[in-house]
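Structural overview for review
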Amino acid sequence: LHIVTPNKKALSSEATLYKEIIEKAKKNKKLFFNKSIVGASLPIISILKDLVRTEDKINRIKSIFSEILSYIFNEFSKSGDDNGQKFSKIVTVAKNNGYIEPDLRNDLNRLDIARKIVILGRMTGMNLSLDILPVENIVPEPLRNLVLRYVSMIDPVCDKSGVKLEPEPGDPVDLVTLKQK
């Protein structure tokens with residue numbers, strides 16, 4: 001039986017389950033497709049599989065993997081002050097536009113992005129799991145008035161991965177300084 005799935009839970013849960021799914025598909029010469037798990041219709045998964053298969057070195061994967069969080073931050077950034085749209089209004093618009101996962105809590109608690117990072121990291125050979133993946137709080141206090149992007153990063157070379165907020169390139173802020181205050 002060939003498998004085609006958009007389900008992130010099985011591939012980001014216990015590492016043993018992930019390995020079992022991949023090994024059984026190989027052993028039984030069955031196809032296993034999961035490319036819509038990360039990046040929707042973008043070919044992220046197939047490109048990564050090709051890079052791994054051809055033993056190319058993967059230095060880092062860094063992207064914005066949450067449509068809803070990107071939308072929320074873009075909407076907050078438009079106003080430039082504290083009189084912008086309310087969070088609930090922005091989320092309602094995002095829901096009406098179909099940007100949100102079926103369970104909104106997975107988007108807002110960052111679990112959906114963490115699952116994507118675990119899956120991509122495992123594909124590169126990293127031993128990742130949800131319980132060890134550092135995922136920063138959505139908006140730390142000192143960053144609330146900046147143009148922010150919620151960026152995901154996988155770095156097999158340095159054996160580091162994570163999901164965090166970063167100011168938009170060119171924004172005059174020093175995150176190290178902010179964290180030390």
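Residues numbered from 1 in each chain as written. Predicted model: local features only at pLDDT ≥ 70, side-chain atom pairs only at ≥ 80, totals over all residues. Heavy atoms only, no water.

Per an unreviewed UniProt entry, the protein goes by 2115_t:CDS:1 and derives from Scutellospora calospora.

What follows is about the overall build of the protein. Within the protein, the secondary structure is distributed over eight helices and five strands. Seen in sequence order, the protein has helices and strands lined up from the N terminus as β-α-α-β-α-β-α-α-α-α-β-β-α. Of all 181 residues assigned to the protein, the portion counted as buried reaches 35%. If you take every contact in the protein between residues at least 6 apart in sequence, the share linking residues at least 24 apart comes to 63%. Entry remark: accessible area of the protein is about 11400 Å², with carbon and sulfur atoms responsible for 53%. (Helix = DSSP H or I, 4+ residues; strand = E, 2+ residues; numbered from the N terminus. Buried < 20%, exposed > 50% of the residue type's maximum accessible area, 1.4 Å probe, protein only. Contact = heavy atoms within 4.5 Å. Areas by Shrake-Rupley, 256 points an atom, 1.4 Å probe, with all protein chains shown as cover.)

This brings us to the nonpolar core. Most often, soluble globular proteins keep nonpolar side chains buried together rather than apart. Within the largest apolar cluster, 35 residues are counted, with the highest numbers of intra-cluster contacts made by Leu11, Phe65, Leu69, Ile113, Ile117, Leu120 and Met123. Setting aside chain neighbours within four positions, we find Met123 in contact with Tyr18, Ile45, Leu48, Lys49 and Val52. (Core = buried A, V, L, I, M, F, W, Y, C linked by side-chain atoms within 4.5 Å.)

Here the focus is the environment of Asn59. Locating Asn59 in the fold gives a position in the loop between helix H3 (44–53) and strand E3 (61–63). For Asn59, a relative accessible area of 45% puts it in the partly exposed group. C-alpha separation for the pair Asn59 and Thr124, spaced 65 residues apart in sequence, amounts to 9.9 Å. Setting aside residues no more than four positions away along its own chain, Asn59 makes contact with Ile154, Asp155, Pro156 and Val157.

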